[in-house]
Amino acid sequence: MTKKLRVNGVEHTVDVDPSTPLLWVLREQLELTGTKFGCGIAQCGACTVMIEGVAVRSCIMPVANLEGRDITTIEGLAGNTQTPHPLQQAWIDHQVPQCGYCQSGQLMSAAALLKRNPQPTDADINNAMEGNICRCGMYDRIREAIKTAAEAMPETTPEQEIAKEADNG
Amino acid sequence: MGKWTRRAFLSAGVLAGGGILVGVALRPGNRNDALAPFVEGDGQKLVHAYIKIDQDNVVTAIIPHSEMGQGVHTALAQMLADELDADWNLVRVEEAPAIGDYSLYSVGRGFLLQGIDFPDIVIPTIEGVMMMLSDSLDLQVTGGSMSVRVTGTYGMRVAGAATRDMLKRAAAKAWGVSEKEITTEKSMLIHTATSRRAPYAEFAAAAAEMTPSYTPKLKEIKDYKLMGQHKPRFDIPAKVDGSAKFALDVRVPGMVYATVKRAPVFGGTVKSLDDRAARAIEGVLDVVTLPVTSADMMIGGFTAGEVVAVVAEGYWAAQRGLRALDIQWDNKGNGAVSSADIAAQHQRDIEAGADRKSDRSTGNIEDAFANADTILDADYTIPYLAHTCMEPLNATADYRDGQCEIWVGCQNPLGFRRAVADVLGLNEEQVTFHNLLMGGGFGRKSRPDWAMQAALLSKAVGKPVQLIWSREEDVRQDFYRPASRSVFRAGLSQDGELLGWQNTYVNKQEPAEAPLIPYAVEAQDIGYVQSPSHVPWGAWRSVDESMHGFFTESFIDECAVAAGKDPYEYRANMLKAHPRHLAVLNRAAEEAGWSAPLGLGRGRGIALKESFGSIVAQVAEISIMNEQVVIDRMVAVIDPGFAVAPDGVVAQIESGIIYGLTAAIYGEITIEDGAVQQSNFHDYPALRMTASPVIETHIINSGYAPGGAGEPGTPPAASALANAIYAATGKRLRDLPLNKHIAFAEGGRA
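Here the structure is a predicted model, which is why all the values come from computation and not from measurement. (Residues numbered from 1 in each chain as written. Chains lettered and ligands numbered in written order. Predicted model: local features only at pLDDT ≥ 70, side-chain atom pairs only at ≥ 80, totals over all residues. Heavy atoms only, no water.)

## Focus: the overall build of chain A
- Helices and strands together make up the secondary structure of chain A, namely six helices and five strands.
- Element order for chain A, N to C, with α for helix and β for strand: β-β-α-β-β-β-α-α-α-α-α.
- For chain A, the C-alpha radius of gyration of 16 Å lies close to 15 Å, the compact-globule estimate for 169 residues.
- Taken across its 169 residues, chain A has 54% of its residues classed as buried.
- Considering only residue pairs separated by 6 or more positions, chain A has 57% of its internal contacts joining residues 24 or more positions apart.
- Carbon and sulfur atoms make up 49% of the accessible area of chain A, which amounts to about 6700 Å² in all.
- Averaging the positions of the 14 positive and the 21 negative side-chain charges in chain A gives two centres separated by 4 Å. (Helix = DSSP H or I, 4+ residues; strand = E, 2+ residues; numbered from the N terminus. Rg over C-alpha atoms; globule rule 2.2 N^0.38 Å. Buried < 20%, exposed > 50% of the residue type's maximum accessible area, 1.4 Å probe, protein only. Contact = heavy atoms within 4.5 Å. Areas by Shrake-Rupley, 256 points an atom, 1.4 Å probe, with all protein chains shown as cover. Lys, Arg positive; Asp, Glu negative; His and termini not counted. Charge placed at Lys NZ, Arg CZ, Asp CG, Glu CD.)

What follows is the structure, given as structure tokens:
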């Protein structure tokens with residue numbers, strides 16, 4: 001069955017079984033291998049991508065329902081710019097990754113958090129990152145890097161204001 | 001017999017394009033007596049490394065170790081570049097290819113077979129060298145926390161210094177000046193008196209014609225420029241934008257995907273298989289049964305049961321196919337074994353004491369107990385543990401025309417290549433091995449079982465195959481840290497002095513010294529019995545050190561309590577003969593504010609463990625909130641001799657602590673009906689961000705021989721935590737995981 005998917009702003013047509021999780025379509029059909037397989041049951045967060053700006057575990061998300069949605073993967077995090085996303089820069093500055101395998105998912109969870117909540121508290125960060133396991137145990141560095149990125153990010157966008165109001169409301 | 005040529009130690013050659021290639025094959029640690037390190041019997045001093053200098057003055061360090069996030073490529077390059085006086089901005093790294101030239105073993109063998117005029121008296125020693133080589137360095141192993149302390153110290157630094165010497169000699173000759181007057185700085189050769197300067201590249205080719213010294217003068221710590229400095233890791237930028245290539249990211253034209261299920265009861269075979277439903281699934285290409293396989297290796301050898309694989313156009317179809325299989329297994333008589341049976345067997349075997357082997361026996365233990373005022377007995381137990389590397393096991397193989405190309409992320413590329421060649425009936429040269437980044441290793445990726453499966457599957461279906469294990473398979477088909485029991489008896493004098501220490505445990509791997517204690521106890525009787533089951537064991541981050549770190553450092557805490565002494569001071573008083581240990585312990589107590597009282601419901605625990613050449617002390621500080629444990633912070637102090645890459649050492653300690661705490665709090669693999677019951681992160685959890693403590697790491701550069709960093713952070717973590725729980729609650733926990741006995745706050749600290 002063919003499906004149209006918009007990933008990192010690019011339209012793709014893929015021919016897969018509709019039950020196939022997005023993860024495998026990204027990796028096998030679109031060759032976007034930055035999104036990782038870790039558990040297959042949404043327990044570890046290695047496969048996290050953003051769908052409409054929200055962090056989603058792509059290993060359990062069938063492609064059937066994703067037509068017309070904006071999907072962002074780690075490869076699209078920096079957008080079309082040549083400069084890294086502030087989170088990516090903070091990850092380098094804090095020397096966050098060890099093996100690095102979970103970091104695409106960590107970054108996408110963090111990016112979704114900052115979209116929604118540009119100045120998160122420690123508790124906000126913990127809550128948002130609770131679904132992402134790092135077996136190298138770099139949680140302290142991830143938390144600090146998110147704070148650094150939050151400081152470096154531009155002022156809130158209108159989109160964030162709306163999201164914030166929705167959160168508060 | 002031929003001559004002992006220096007080429008055996010260092011060889012140089014000119015690269016196409018005029019670069020220089022220098023290899024340090026074998027290097028004695030003692031320049032006054034080339035044989036001394038062999039006589040000392042330290043097989044880990046035999047090393048191998050390479051440098052390239054190209055025409056653009058770029059220095060490339062070729063690293064014979066795998067990068068699994070421990071920062072080894074950067075740290076080893078720092079060691080090489082410092083001795084070379086290289087410009088760090090022009091330093092690059094490459095991982096050595098999996099070919100024989102980078103094999104420690106084959107270099108050693110080649111060196112010996114060259115024929116050397118040795119006096120007869122050392123011939124047994126030379127045979128010992130061969131044994132050490134094959135025993136401890138089965139080719140290209142990354143493990144044992146030995147990259148920096150062995151390859152770096154005896155390989156990279158020597159290669160860098162020898163190359164610098166040759167470059168100076170070459171420049172001196174060309175300039176007609178004395179070599180002594182030439183200085184080096186940032187990849188430049190300088191002769192101040194005549195105001196001459198030249199980049200290394202200019203003399204690289206001339207230097208490559210020279211015979212390198214195998215005993216160059218190495219820098220003293222005060223002269224280090226790069227070692228000891230924080231340098232951003234080479235591998236990190238690609239790990240934040242998705243471009244880093246892990247084994248799972250390999251794409252080979254025409255490749256298909258596979259996933260497997262091995263007999264759930266270890267060693268089992270297929271009794272019957274109905275694959276009709278699986279084959280009916282769209283995208284499923286084949287169902288293949290793989291035979292019982294084994295690898296005969298010094299490190300990483302194993303035998304494992306039969307496997308059923310589903311090969312498909314994509315992983316999802318393969319996974320659906322696997323679930324649709326109807327397989328009946330022959331459990332080979334192990335279908336009724338449980339964890340309880342194994343634990344009972346451990347207890348029986350310890351009580352029987354048959355074939356008890358001694359690790360240490362000093363003083364008279366019977367007299368010590370007879371003279372004791374108090375006798376203290378305690379039994380400690382731990383379960384099996386899986387590794388759960390973030391990246392599930394996977395390999396891509398392309399077998400055709402009697403050749404196999406294979407892509408894996410593993411801890412022993414040459415060992416894997418041999419295992420793959422053996423299982424295919426090929427010789428090693430017919431296997432081209434690509435080692436990629438590893439999403440975690442922790443010891444699991446020293447066993448080649450899954451790479452062999454991929455190779456067999458490619459051969460079976462005649463296509464390139466990417467084999468991906470499910471997480472469930474990863475958890476259920478591991479080589480586990482063994483379950484163990486450790487039984488203690490201590491005798492204390494009236495004033496609490498430890499007179500006798502007796503300890504018997506089951507299941508010894510390595511390192512041999514893991515169960516030993518540094519404390520001054522006159523009578524010690526430490527030994528073990530082997531009590532194997534059908535559950536396969538393997539190296540798990542720090543191997544035996546992690547289990548004995550929990551056992552011995554918990555029991556010494558019990559001794560302190562029985563003696564009515566402060567656990568820190570009690571230890572410190574028994575460390576007078578070990579000033580390094582004492583300094584680490586003291587510093588940990590100081591940094592943790594050990595003497596400052598904590599409020600009600602809070603507690604601190606301390607633990608000290610030397611492993612892999614480094615000494616680590618940790619203090620855990622916890623609170624009990626709503627009857628649940630919250631780990632507020634961990635303070636760690638490490639004396640690694642000298643921290644070449646300080647931030648790398650800090651990161652490894654942080655990582656080692658989280659790995660150790662995860663296992664201490666949650667880690668438990670149970671066996672029921674012969675098979676593992678857990679399957680994924682929901683029932684084999686990992687510590688997550690909220691419950692993770694703040695970690696403060698402090699480094700003591702004592703200047704002693706360099707120690708490891710990748711593993712030594714793990715061994716003290718469990719006991720520091722358990723001792724803190726005792727301090728806060730009065731509850732002594734002698735059985736892991738701790739969450740079976742006390743609740744942990746999932747929410748962690750606020």
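## So, unusual backbone geometry
All names here are of chain B.
- A cis geometry characterises the amide bond from glutamate 510 onward to proline 511, with omega recorded as -10°.
- Tracing the sequence through the fold places proline 511 in the loop between strand E23 (498-506) and strand E24 (523-529).
- Cis peptide bonds are those with omega within 30 degrees of zero, and the linkage from leucine 736 to proline 737 qualifies with 0°.
- Within the secondary structure, proline 737 is located in the loop between helix H18 (717-729) and strand E31 (743-744).
- One non-glycine residue, aspartate 85, lies in the positive phi region at around 55°.
- Following the sequence through the fold, aspartate 85 ends up in the loop between helix H2 (72-84) and strand E5 (91-95).
- The class for aspartate 85 is buried, based on a relative accessible area of 7%.

## Quick look at the domain arrangement of chain B
Residues and elements named next belong to chain B.
- Here chain B is described as being made up of domain 1 (6-223), domain 2 (247-333 + 393-468) and domain 3 (339-384 + 480-744).
- Computed from C-alpha atoms alone, the centre-to-centre distance between domain 2 and domain 3 is 37 Å.
- Contacts between the two partners involve seven residues from domain 2 and, on the opposite side, 15 residues from domain 3.
- Summing the contributions of domain 2 and of domain 3, the shared interface buries around 750 Å²; its carbon and sulfur component is 64%. (Domains from an automatic or database assignment. Buried area = accessible area lost by both parts, 1.4 Å probe.)

## Focus on the sheet that holds strand E17 (residues 374-382) of chain B
Residue and element names in this part refer to chain B.
- A sheet is described by the order of its strands in space; here five strands give the open sequence E16-E24-E23-E22-E17, paired in mixed fashion. Every interior strand has two partners, whereas the edge strands, strand E16 (357-362) and E17, have only one. Sheet twist, expressed as the mean angle between neighbouring strand axes with direction ignored, is 10°.
- Docked against the sheet, helix H9 (residues 339-352) engages strand E22 (484-492), E23 and E24, running at close to 40° with respect to E22. (Pairing = 2+ DSSP bridges. Axes fitted to C-alpha atoms, helices over the stretch in contact; angles between N-to-C directions.)

## With respect to the state of the cysteines
- All chains considered together, the criterion is met by zero disulfides over all chains.
- Left without a disulfide partner, cysteine 99 of chain A is nearest to the cysteine sulfur of cysteine 136 of chain A, which lies 3.8 Å away.
- What makes cysteine 99 of chain A buried here is its relative accessible area of 3%.
- In this structure cysteine 389 of chain B is not part of a disulfide, and its nearest cysteine sulfur, from cysteine 99 of chain A, lies 8.2 Å away.
- For cysteine 389 of chain B, a relative accessible area of 1% corresponds to the buried category. (Disulfide = S-S within 2.5 Å.)

## Brief notes about the packing of helix H3 (residues 103-116) of chain A against helix H4 (residues 122-129) of chain A
Residue and element names in this part refer to chain A.
- With their axes 9 Å apart at the nearest point, H3 and H4 run at an angle of 130° to one another. With respect to each other, H3 and H4 are oriented oblique. For the crossing formed where H3 meets H4, the hand is right-handed. Here H3 contributes Gln106, Ser109, Ala110, Leu113 and Arg116 to the contact with H4, which in turn contributes Asp124, Ile125, Ala128 and Met129.
- Counted by class, the contact of H3 with H4 contains five nonpolar, two polar and two charged residues. (Parallel < 35°, antiparallel > 145°, perpendicular 65-115°, else oblique. Left-handed = near helix turned anticlockwise from the far one by under 90°. Nonpolar A, V, L, I, M, F, W, Y, C, P; charged D, E, K, R; others polar.)

## Some points on the pairing of strand E4 (residues 54-57) of chain A
- Here strand E3 (residues 48-51) of chain A pairs with E4 of chain A via four bridges, running antiparallel. For threonine 48 of chain A, the partnering residue across the bridge sits in E4 of chain A and is arginine 57 of chain A.

## Digging into the domain arrangement of chain A
All names here are of chain A.
- Splitting chain A by domain gives domain 1 (2-76) and domain 2 (86-164).
- The straight-line distance from the C-alpha centre of domain 1 to that of domain 2 is 20 Å.
- Interface area, domain 1 with domain 2, both sides summed: about 1200 Å², of which 62% is carbon and sulfur.
- One can count zero salt bridges joining domain 1 with domain 2.
- The interface formed by domain 1 and domain 2 includes six residue pairs in polar contact (both at pLDDT 80 or more).
- Contributing elements (two or more residues each) for the side of domain 1 that touches domain 2: E3 and E4.
- The residue inventory of the side of domain 1 that touches domain 2, partitioned by class, reads eight nonpolar, seven polar and two charged. (Salt bridge = Lys/Arg side-chain N within 4 Å of Asp/Glu carboxyl O. Polar contact = N/O pair within 3.5 Å; in protein donor to acceptor, adjacent residues only side chain to side chain.)

## Describing the sheet that holds strand E8 (residues 196-199) of chain B
Residues and elements named next belong to chain B.
- Taking strand neighbours across the sheet as the criterion, the three strands line up as E6-E7-E8 in an open arrangement whose pairing is antiparallel. Strands at the two margins of the open sheet, each flanked by one partner only, are strand E6 (182-185) and E8. Pairwise comparison of adjacent strand axes, ignoring direction, gives a mean angle of 25° for this sheet.
- Pairing of E6 with strand E7 (residues 188-191), which is carried by four bridges, proceeds in the antiparallel orientation. From the neighbouring strand, isoleucine 182 faces E7, where its bridge partner is histidine 191.
- Across the sheet, helix H6 (residues 200-208) is in contact with E6, E7 and E8; its angle to E8 comes to roughly 75°.

## Quick word on the nonpolar core
- Membership of the largest hydrophobic core comes to 155 residues, with the highest contact counts inside it found for Trp91 and Ile146 of chain A together with Leu498 and Trp501 of chain B.
- At nine residues, helix H17 (residues 646-665) of chain B tops the list of elements feeding residues into this core.
- In this structure tryptophan 91 of chain A touches Val96, Pro97, Gln103, Gln106, Leu107, Ala110, Ile142, Ala145 and Ile146 of chain A together with Ile236 and Val240 of chain B, once residues within four positions along its chain are discounted.
- Counting 40 residues, the second-largest nonpolar core is a separate cluster that includes Leu290, Ala304, Ala309 and Val311 of chain B. (Core = buried A, V, L, I, M, F, W, Y, C linked by side-chain atoms within 4.5 Å.)

## Details of the interface of chain B and chain A
- Taken together, the contact between chain B and chain A spans 63 residues of the former and 50 residues of the latter.
- A combined buried area of about 4600 Å² lies between chain B and chain A, and 55% of that area is made up of carbon and sulfur atoms.
- Where chain B touches chain A, the interface holds five salt bridges.
- Between arginine 141 of chain A and glutamate 654 of chain B there is a salt bridge; the shortest N-O distance is 2.8 Å.
- Here chain B is connected to chain A by 29 residue pairs in polar contact (both at pLDDT 80 or more).
- Every element with two or more residues in the side of chain B that touches chain A is listed here: helix H8 (315-323), helix H13 (471-476), H17 and strand E30 (694-699) of chain B.
- For the side of chain B that touches chain A, the element with the highest residue contribution is H17 of chain B, accounting for nine residues.
- For the side of chain B that touches chain A, the class distribution of residues is 29 nonpolar, 16 polar and 18 charged.

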